[in-house]
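# Observations on chain architecture
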Amino acid sequence: MRVLRLLILPILLWSCSNEPNKPPASTEQLSQRPNDDHSYANLDQINTKHLHLELEIDFESQTIYGIARHQMQNRGADTAIFDMKGLLIQKVTLGPKGLEKETDFTIGPMDKDSIIGQALLVNVEEHTSEVNIYYQTTSASDALDWLDTNLTSSKSKPFLYTQGQAILTRTWIPLQDAPSNRLTYSADVKVPSDLLALMSAKNPTERNDIGSYHFEMKRAIPSYLIALAVGDIGFQDLGNHCGIYAEKELLNDCVKEFEDLPQMMRVAEALYGPYQWGRYDVLVLPYSFPFGGMENPMLTFANPTLLTGDKSLVSVVAHELAHSWSGNLVTNHSWSDLWLNEGTTVYFEQRIMEALRGKEIADILAQVEFGELQETLKEMAADSSFQDSKLHLDLVNRDPDIAMSDIAYVKGAFFFRTLEQAVGRAQLDSFLKSYFKHFAFKTISADQFIDYLEAQLLAKSGIDFNYRQWIFEAGLPDNCMKVQTPRLDKIRSFAQSFNEGKNPFKPIAQIKWIQKNGKRKKTVAYVPVQYSDYLIQEWQLFIRGLHPQTKASRLRLLDQQFKFSHTQNSEILCDWFVLAAQSNYIFEIEPQLRAFLQKVGRRKFVLPIYQALAKNKKGLSLGRTIFQEVKTNYHSVTRHSAWKALYRKN
Ligand code: BES
Ligand code: ZN
């Protein structure tokens, strides 16, 4: 690989010039997107069936030097079109390894908003089935998060992970990056010998001394699920083909938090059929990981903010496990139907949680999400994006990231809950089970889903269901099922009474009868309400129920009693900082705020806090100051979103 690096500079300049090589490709050809709104690939003419990667991971220069060997099915194309963004292409060859012949290629212009990236057009012959792209990543390879030692738990070893979904795989591998194309992959990865490499594939459980690892993913997956992580990682098996990978310092905590994984697996298989991927392991990444979890096949990536010590956030792991069916087996054909991945998965997740923790807890979790959906719908109505509250979205010339909202997730899940109410649980379950079987290792569009739903569920049960309204119309249909959660009524009344200026948390008088000198005697003890008396989700509803203009002095009193700013639970911290940011109280808890934003990179927490700060001048200035201090700790996904919240004028 040494040679390769020396060669890169001159070719880099050449390939960056955007000068069409031979034959000159028309501007139109360079920017067409024939098969998918977010991919240039000409999949209908030629498509990758298997990808072999040869990768050298260089931490010093924070660069991956790679060869992407595409085995393609060619239906007579003279050009193979790939997606790329933030990559330097060194050369492209045709033919099997060792017998390769260099070929010409052209790199198209970047799309106007730099969302989709560039087309890489490679000249091929009618019978070409092997295309090899020699390339390297750059600092604009947005999928990659290179962590210095200080951002890891070990503090002594660096870390690298990738995040591909939705369209970032093209920033670390030149490929046809559309979810409608499924491919198998293999990889030879070279890393520093003190680090372990893992992929969304069959994985090693131990480091070897030469730092060379081979991977195979033998089941066809969409490109967004190709993933890599490199670090000082340990492994522990949990039984039932499940296990945990984590930085060694975190491993014990992870094992305790996720010890129910084997049981989750049994529950999931009992619901919707056998797990198809062999092993299921969870890799707990450093805190900068931009999501709670990411369903990379065989190896879910997870954020350490899930480690609360009380298993209160394990539903995220249930969610990622559920994706092994909804999303990974049956994949949305395009990002317009992300709800078919995420809505189905949230429904499945809720069913796993119900089996694991009982109906009351599962319904409380669902109720918290429903509250978020209602908020989102309100905001969408206010900022005139209400059109995007359809399940099926129009994403032409738009970032597919838009689809990642409570609409796809929660409206999507409530679509299935409402359907369950209409047809009965047994009927819906047998429908979903056959759906996962029928579309296994295939992709699905809204129209295909509707045809299958009509034929396999609605016609059979003779039930009329307003699925068109759910899928193609904005807002929440009136028949949306209501979750009954009596236990939450109390917490709602606490919030209401606090908002009315009262203190709902006065110590509660508890009457006790004791025996004294042979006589029964009444005593009264005043028991203060404690943080541990309520579930995390109950506290979330309480904080969210408080008036946004609550005075700093009153927030201070609450904080003294329940120590919200000092909790280790980031769900609570996030909600608390968001509320505090709307008053001056945020300046009293600035050290905690700073520490949180510095440590945690999960977008779901970081973004609402910056957005709340940005609502007033003083807050905005604090937000910008902190962001400038800590932005290099974030993955690009979080950094870009936070930047927009703080700097883009609307
Ligand atoms: N697949 C998603 C993450 C994703 C979606 C990344 C779309 C990029 C584009 C993952 O399964 C997910 O939904 N994560 C959630 C978990 C939660 C809903 C339980 C998260 O990270 O918060
Ligand atoms: Zn998901």
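Residues numbered from 1 in each chain as written. Chains lettered and ligands numbered in written order. Predicted model: local features only at pLDDT ≥ 70, side-chain atom pairs only at ≥ 80, totals over all residues. Heavy atoms only, no water.

Scanning the protein from terminus to terminus reveals 20 helices and 23 strands. Computed over the C-alpha atoms, the radius of gyration of the protein is 26 Å, within 12% of the 26 Å expected from 2.2 N^0.38 for a compact globule of 650 residues. Each of the three principal axes of the protein carries a C-alpha extent, and together these read 100 × 60 × 50 Å. Looking at the protein as a whole, 58% of its 650 residues are labelled buried. Pairs at least 24 apart in sequence give 71% of the contacts found in the protein among residues at least 6 apart. For the protein, the exposed surface amounts to about 27200 Å²; the carbon and sulfur share of it is 50%. (Helix = DSSP H or I, 4+ residues; strand = E, 2+ residues; numbered from the N terminus. Rg over C-alpha atoms; globule rule 2.2 N^0.38 Å. Buried < 20%, exposed > 50% of the residue type's maximum accessible area, 1.4 Å probe, protein only. Contact = heavy atoms within 4.5 Å. Areas by Shrake-Rupley, 256 points an atom, 1.4 Å probe, with all protein chains shown as cover.)

In space, the 3 strands of this open sheet follow the order E3-E7-E6, with antiparallel pairing throughout. In this open sheet, the two strands that pair with only one neighbour each are strand E3 (79–84) and strand E6 (105–107). Pairs of neighbouring strands in the sheet enclose a mean axial angle of 20 degrees, with direction left out of account. The pairing of E3 with strand E7 (residues 118–123) spans 6 bridges and is antiparallel. Counted as the bridge partner of aspartate 83 is alanine 119 from E7. (Pairing = 2+ DSSP bridges. Axes fitted to C-alpha atoms, helices over the stretch in contact; angles between N-to-C directions.)

Together, Ile511, Trp513, Val524 and Tyr526 give the surface a local cluster of nonpolar side chains, amounting to about 470 Å² of exposed area. For the nonpolar patch, the secondary structure elements donating two or more residues are strand E22 (508–516) and strand E23 (519–527). With respect to the secondary-structure elements, tyrosine 526 resides in strand E23. (Patch = residues over 30% accessible without salt bridge, like charges linked within 9 Å, V, L, I, M, F, W, Y side chains within 5 Å. Salt bridge = Lys/Arg side-chain N within 4 Å of Asp/Glu carboxyl O.)

What follows concerns the domain arrangement of the protein. In terms of domains, the protein is made up of domain 1 (1–141 + 167–202) and domain 2 (331–472). For domain 1 and domain 2, the distance between their C-alpha centroids amounts to 34 Å. Note on domain 1 versus domain 2: buried area summed over both sides is about 1100 Å², and carbon and sulfur give 54% of it. For domain 1, the biggest contributors to the area lost against domain 2 are His38, Pro179 and Arg182; these three give 50% of the whole. For the interface between domain 1 and domain 2, the tally reads 0 salt bridges. At the surface where domain 1 touches domain 2, the tally comes to 6 residue pairs in polar contact (both at pLDDT 80 or more). The residue makeup of the side of domain 1 that touches domain 2, split by class, is 3 nonpolar, 2 polar and 5 charged. (Domains from an automatic or database assignment. Buried area = accessible area lost by both parts, 1.4 Å probe. Polar contact = N/O pair within 3.5 Å; in protein donor to acceptor, adjacent residues only side chain to side chain. Nonpolar A, V, L, I, M, F, W, Y, C, P; charged D, E, K, R; others polar.)

Here we come to the side chain of arginine 351. In this structure, arginine 351 sits in helix H6 (residues 338–357). Residues in contact with arginine 351, not counting those within four places in the same chain, are Leu271, Tyr272, Glu420, Arg425 and Asp429.

All right, on to the sheet that holds strand E10 (residues 159–162) then. Strands sit in the order E9-E10-E14-E12 across an open sheet of 4 strands; the sheet is antiparallel. If you trace the sheet from one side to the other, it starts and ends with strand E9 (144–147) and strand E12 (196–199), each paired once. On average, each strand axis in the sheet is inclined to that of its neighbour by 10 degrees, with strand direction left out of account. Where E12 lies against strand E14 (residues 228–231), 4 bridges are found, and the strand directions are antiparallel. Looking across to E14, one finds that alanine 197 is bridged to valine 230.

Low-pLDDT portions of the prediction should not be read for the details of their coordinates. In the predicted model, the protein carries a mean pLDDT of 95, and 96% of its residues have values of at least 70. In the predicted structure, residues 1–22 sits below a pLDDT of 50 and forms 34 contacts with residues beyond four places in sequence or in another chain. (pLDDT = per-residue confidence, 0-100.)

Where helix H18 (residues 603–613) contacts helix H20 (residues 636–647), the axes come no closer than 9 Å and their chain directions differ by 15 degrees. Relative to H20, the element H18 lies roughly parallel. H18 and H20 meet at a crossing whose hand is right-handed. Facing H18, whose interface residues are Arg603, Val606, Leu607, Tyr610 and Gln611, H20 presents Val637, Thr638, Ser641, Ala642, Ala645 and Leu646. The residue inventory of the contact of H18 with H20, partitioned by class, reads 7 nonpolar, 3 polar and 1 charged. (Parallel < 35°, antiparallel > 145°, perpendicular 65-115°, else oblique. Left-handed = near helix turned anticlockwise from the far one by under 90°.)

With that settled, consider the nonpolar core. Across soluble globular proteins, nonpolar side chains have a tendency to be buried as a group. Counting 164 residues, the largest nonpolar core has Ile57, Met199 and Phe415 as the members making the most contacts within it. Element by element, the count of residues in this core is highest for helix H8 (residues 406–423), at 10 residues. Looking at which domains feed residues into this core, each of domain 1 (1–141 + 167–202) and domain 2 (331–472) gives three or more. Setting aside residues no more than four positions away along its own chain, methionine 199 makes contact with Leu53, Trp172, Tyr185, Ala187, Val189, Phe215, Ile226, Ala227, Leu228 and Leu299. (Core = buried A, V, L, I, M, F, W, Y, C linked by side-chain atoms within 4.5 Å.)

This part is about the pattern of salt bridges. One pass over the structure, following the stated rule, counts 30 salt bridges. Put simply, aspartate 232 and lysine 157 hold a salt bridge, and the shortest N to O gap is 3.9 Å. One end of the pair, aspartate 232, is in the loop between E14 and strand E15 (233–239); the other, lysine 157, is in the loop between E9 and E10, and 75 residues separate them in sequence. Residues participating in the shared-partner salt-bridge network are Glu54, Arg69, Lys97 and Glu100.

The element E7 is largely enclosed, with a buried count of 6 among its 6 residues. Here E7 shows a buried face lined by Gln118, Leu120 and Val122 and a second buried face lined by Ala119, Leu121 and Asn123.

This part is about the site of ligand 1. Among the 16 residues in the neighbourhood of ligand 1, the closest are listed as Gln165, Gly292, Glu295, Glu320 and Tyr409. Between ligand 1 and glycine 292 there is a distance of 2.6 Å, counted from an oxygen atom to a backbone nitrogen or oxygen. The side chain of glutamate 295 places a nitrogen or oxygen atom 2.6 Å from a nitrogen atom of ligand 1. Taken together, the elements giving at least two residues each to the shell around ligand 1 come down to strand E18 (293–294) and helix H5 (315–322). Broken down by element, the residue count for the shell around ligand 1 peaks at 3 residues, all from H5. Within the shell around ligand 1, the residues separate by chemical class into 6 nonpolar, 6 polar and 4 charged. (Near = heavy atom within 4 Å.)

As a further point, take the side chain of threonine 169. With respect to the helices and strands, the residue threonine 169 is situated in the loop between E10 and strand E11 (182–190). Excluding anything up to four places from it in sequence, threonine 169 contacts Gly164, Leu175, Asp177, Ser223 and Tyr224.

Now for the environment of isoleucine 64. Among the structural elements, isoleucine 64 can be located in strand E2 (residues 63–74). Taking the C-alpha atoms as reference, isoleucine 64 lies 10.0 Å from valine 191; in sequence the two are 127 residues apart. Apart from the residues lying within four places of it in its own chain, the contact partners of isoleucine 64 are Leu55, Glu56, Ile57, Tyr135, Gln136, Thr137, Leu144, Trp146, Leu160, Trp172 and Leu228.

On to the coordination of the zinc ion (ligand 2), then. Around the zinc ion (ligand 2), the protein contributes the donor atoms His319 (NE2), His323 (NE2), Glu342 (OE) and Glu342 (OE), which lie 2.0 to 2.8 Å from the metal centre. Viewed at the metal, the 6 donor atoms of the zinc ion (ligand 2) are separated by angles of 51 to 160 degrees, and the geometry they form is irregular. You can call histidine 323 buried: its relative accessible area is 0%. (Donors = N, O, S within 2.8 Å, 3.2 Å for Na, K, Ca; no water. Tetrahedral: all angles 85-135°; square planar, octahedral: opposite > 155°, others 65-115°.)

Attention shifts here to a negative patch on the surface. A grouping of Asp447, Asp451, Glu454 and Asp464 is seen on the molecular surface, where their side chains present a negatively charged patch. Relative to the helices and strands, glutamate 454 resides in helix H10 (residues 446–461). (Lys, Arg positive; Asp, Glu negative; His and termini not counted. Charge placed at Lys NZ, Arg CZ, Asp CG, Glu CD.)

Looking only at helix H14 (residues 552–562), the buried set comprises Ala552, Leu555, Leu558, Asp559 and Phe562. Each buried residue of H14 sits inside an arc of 120 degrees when the element is viewed along its axis, so together they form one side. One or two residues past the end of H14 sits lysine 563, with phi positive at roughly 55 degrees. (Arc of directions from axis to C-beta.)

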